[in-house]
There are 2 protein chains.
Amino acid sequence: MPIAVDHEERRAEVVAVAARLIAQSGMEAVSVRDIAEAAGCSTAIVSHYFHNKRELLLLTYNATIEHATLRAQTALAAADGHPKAYLAEIMPLDEERWTEWRIWLQFWAKAAADPEIAEIQKNCVTRTRGNIQDILEDEQRKGRIARDVDCALQARRLLTSIIGMAVQVMYDPKDWTVKRQNAFIDAELDAFYSREPERRRSAHRIAAE
Amino acid sequence: MPIAVDHEERRAEVVAVAARLIAQSGMEAVSVRDIAEAAGCSTAIVSHYFHNKRELLLLTYNATIEHATLRAQTALAAADGHPKAYLAEIMPLDEERWTEWRIWLQFWAKAAADPEIAEIQKNCVTRTRGNIQDILEDEQRKGRIARDVDCALQARRLLTSIIGMAVQVMYDPKDWTVKRQNAFIDAELDAFYSREPERRRSAHRIAAE
C-alpha cells in the first residue's frame, strides 16, 4: 500500500517541521501557512493531513514524546539497564533534546487553562515516572540498588530534578552546562545506588559521550 | 501628592487584575481590553498607564516576583531564619502561589524565543538561588547546618526541586498535594540539616499552617 505509507511519511515530515518551527519561534507565532511553506507544500495539503492547528500542535507534542521515549528505551537497552542511560535521553543535553523541551514547556504553560492538554501532560509524566520506577526496580532486583530504597520516591525525585533543570536550561544554558547537568543527576543517583565504582564509572562515561 | 499616589495605586490595581486574568486564561487569550474591563476602567486609561500589552505583561511578571519575594522574606524573618519558611512561600501550596506559578511558567515558555524575557528570567532565578544560599549560609554560621555542606549546591538543588515540582503541580495537583510537596522539600532539607528535632518540628508546623 504505497499511498498509505506516503501519507504517514508526509504527516511525519510535516510534524517534524512543525516541531522545529514551534521550538524556534513559539507556538503562537507559528501558523499552518508557515509550517506548509517550511515543509515545501501548500496549506491545502497540510489541511488535508490535519483538521486544524490544534490537532497539528497536539500531534507534534505527542510525536516528540514518543520519539524521546523510544530513544531513551533504546539507550537503556544498550547500557544494560542503567537508569542514567535512560535519563540522559530526556535531559536537555543537545540541540535535539533542547528542541523537545522547548516544545514541552510551551504545552505545559498552557495546561492550566486547557484541561485536554493538562490530561495529556499528566499521562505523559505519569508514564515517564513509571518507566523510571520500573528501571530502578529492575536494578534493585539485580542487587545494584539496595533493597530498602523506595524506587517510587526516587523515580519521582529524579524526574522532578530533570524537569526543574530543563526549565532553567532553556533560559540559562551557560550556567547549566552539559557537565553540570550530568554531575547533578549523577549525584542524585549516587545518593541511593549501591557502591560499584566500575559500574558507576561506565555509566558516567555513557552520559558524557 | 495624592495624584501620584493614585497613579501608582491604579497601576498596581491594573497589574493585579492582569495577573489574575493571565493565570486563568493564558497570556495570549487575554487582551488589554479584557484587563481594562475587569479593572472597571476604559482601555484608554490602561493605555495611559502602559505603553502596550508587552509592557503590561512584563510589569505583571515582575510584580508577581517582587510580591512573592517580599512575602518569603517576611516569613523567613518570622521563622528565625529557617529556610523552609522562605521556600514554602515560593512553593505552589495555595491559590495565590498557584496564580504566581501559572504566570511564571507562561513567561518561561516564551524565554527560548525571546532574549529579553530569558534575561529577566535568568536574573530572577539567579537572585532567588542567591537568597536561598544566603539563608543556608546564615544557618551554617549559626551552627544549624554542618560546616562541610556546600550551601551553593544545596540552594541549587532546592530551587530546582521546587521548579520541577511546581511544573507538575500545574497539571496534576491531585498527585502533588500540599502534604506531598511539604514532605518532598522537608526531606531535601533533612538530608543536610543538623539534627535538631525540636527545631525541625517547629519548621514543619510553620509550613503546614
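About the cut-offs
Residues numbered from 1 in each chain as written. Chains lettered and ligands numbered in written order. Predicted model: local features only at pLDDT ≥ 70, side-chain atom pairs only at ≥ 80, totals over all residues. Heavy atoms only, no water. Helix = DSSP H or I, 4+ residues; strand = E, 2+ residues; numbered from the N terminus. Buried < 20%, exposed > 50% of the residue type's maximum accessible area, 1.4 Å probe, protein only. Contact = heavy atoms within 4.5 Å. Buried area = accessible area lost by both parts, 1.4 Å probe. Salt bridge = Lys/Arg side-chain N within 4 Å of Asp/Glu carboxyl O. Polar contact = N/O pair within 3.5 Å; in protein donor to acceptor, adjacent residues only side chain to side chain. Phe/Tyr/Trp six-rings, centres within 6.5 Å; stacked < 30°, edge-to-face > 60°. Lys NZ or Arg CZ within 6 Å of the ring centre and 35° of its normal. Arc of directions from axis to C-beta. Least-squares fit on C-alpha atoms with pLDDT ≥ 70 in both. Axes fitted to C-alpha atoms, helices over the stretch in contact; angles between N-to-C directions. Parallel < 35°, antiparallel > 145°, perpendicular 65-115°, else oblique. Left-handed = near helix turned anticlockwise from the far one by under 90°. Nonpolar A, V, L, I, M, F, W, Y, C, P; charged D, E, K, R; others polar.

Engineer: Would you mind going over the overall build of chain A with me for this structure?
Structural biologist: The helix and strand tally for chain A stands at 10 helices and 0 strands. Taking the principal axes of its C-alpha atoms as reference, chain A extends roughly 60 × 40 × 35 Å. Evaluated residue by residue, chain A yields a buried proportion of 54% over its 209 residues. Across chain A, every contact between residues at least 6 apart in sequence was considered, and the portion connecting residues at least 24 apart equals 67%.

Engineer: Looking at this structure, how should I read the interface of chain B and chain A?
Structural biologist: How big an interface is tends to be reported as the loss of accessible area on association of its parts. Contacts between chain B and chain A engage 36 residues on the former and 36 residues on the latter. Where chain B abuts chain A, roughly 2,900 Å² becomes buried across the two surfaces, and 62% of that area is made up of carbon and sulfur atoms. For chain B, the biggest contributors to the area lost against chain A are B:R156, B:T160 and B:Y171; these three give 23% of the whole. There are 6 salt bridges connecting chain B and chain A. Between B:E188 and A:R157 there is a salt bridge, with its nearest N and O atoms 2.9 Å apart. Between chain B and chain A we count 10 residue pairs in polar contact (both at pLDDT 80 or more) in total.

Engineer: Just checking my understanding: could you explain the side chain of B:H82 for this structure?
Structural biologist: With respect to the helices and strands, B:H82 occurs in the loop between α4 (53-78) and α5 (83-89). A polar side-chain atom of B:H82 sits 3.0 Å from the main-chain amide nitrogen of B:K84.

Engineer: Explanation requested: unusual backbone geometry in the structure shown.
Structural biologist: Across residues other than glycine, the phi torsion is negative in most instances, and most of the peptide bonds are trans. The backbone of A:D80 sits at a positive phi, close to 55°, despite the residue not being glycine. Mapped onto the elements, A:D80 comes out in the loop between α4 (53-78) and α5 (83-89).

Engineer: It is not clear to me how the packing of aromatic side chains should be interpreted in this structure. Could you clarify?
Structural biologist: One pair of aromatic rings is described through two measures. These are the centre distance and the angle between the planes. Under the counting rule described, the total for this entry stands at 14 aromatic pairs over all chains. Ring centres 6.4 Å apart and planes at 65° place the aromatic pair B:Y49 and B:F50 in the edge-to-face group. Accessibility classification places B:Y49 together with B:F50 in one group, the buried group. Taken together, a centroid distance of 4.4 Å and an interplanar angle of 35° make the contact between B:Y61 and B:F107 tilted. Here B:Y61, found in helix α4, pairs with B:F107, found in helix α6 (residues 95-111); they are 46 residues apart in sequence, far enough to count as distant. Aromatic ring contacts, followed pair by pair, group A:W101, A:W104, A:W108 and B:Y171 into a single cluster. When the ring centre of B:W176 is taken as origin, the NZ or CZ atom of A:R156, which lies over that ring, is 4.8 Å away.

Engineer: Honestly, helix α2 (residues 32-39) of chain B in this entry has me stumped. Any pointers?
Structural biologist: Turn by turn, an α-helix covers 3.6 residues, leaving residues three or four places apart pointing in a common direction. Residue and element names in this part refer to chain B. For α2, the set of buried residues is I35, A36 and A39. Each buried residue of α2 lies within a common arc of 100° when the element is viewed along its axis, so the set occupies one face. In α2, the exposed positions angled more than 90 degrees off the buried face are occupied by R33 and E37. Just beyond α2, the residue with positive phi is G40, at close to 70°.

Engineer: Quick question: what am I supposed to make of the pattern of salt bridges here?
Structural biologist: Opposite charge on two side chains permits pairing when their charged atoms draw close. Taken as a whole and judged by the stated rule, the model has 40 salt bridges over all chains. Here A:R127 and A:E66 are joined by a salt bridge, their closest N and O atoms 3.5 Å apart. Linking A:R127 in helix α7 (residues 115-141) with A:E66 in helix α4, this pair joins segments that are 61 residues apart in sequence. In this structure A:R127 comes out as partly exposed when scored by relative accessible area, which is 35%. The exposure class of A:E66 is partly exposed, given its relative accessible area of 45%. Its salt-bridge partner being B:R180, residue B:D175 comes within 2.9 Å of it at the nearest N-O pair. Because the salt bridges share partners, they merge into one network encompassing A:R71, A:E89, A:E96 and A:E100.

Engineer: Mind showing me how you'd approach the relation of the copies chain B and chain A here?
Structural biologist: What relates the two chain copies is a rotation about an axis together with a slide along it. With an RMSD of 0.0 Å, the fit of chain B onto chain A corresponds to turning through 180° and sliding 0.0 Å along the axis. Both copies of the chain, as the preceding transformation shows, are related through a two-fold rotation axis. Closest to the rotation axis within chain B is the C-alpha of B:G164, separated from it by 1.8 Å. Both copies present the same face, since 100% of the interface residues in chain B are matched by interface residues at the equivalent positions in chain A.

Engineer: What's the story with the packing of α7(A) against helix α8 (residues 151-171) of chain A in this structure? I'm lost.
Structural biologist: When two helices pack together, their arrangement is given by the angle between their axes and by how far apart the axes lie. Residue and element names in this part refer to chain A. Between α7 and α8, whose axes approach to 8 Å, the crossing angle comes to 125°. With respect to their mutual orientation, α7 and α8 come out oblique. Crossing handedness for the pair α7 and α8: right-handed. Of α8, the residues touching α7 (which contributes V125, T128, R129, I132, Q133, L136, E137 and Q140) are C151, A152, Q154, A155, R156, L158 and L159. Tallied by class, the residues present in the contact of α7 with α8 amount to 8 nonpolar, 4 polar and 3 charged.

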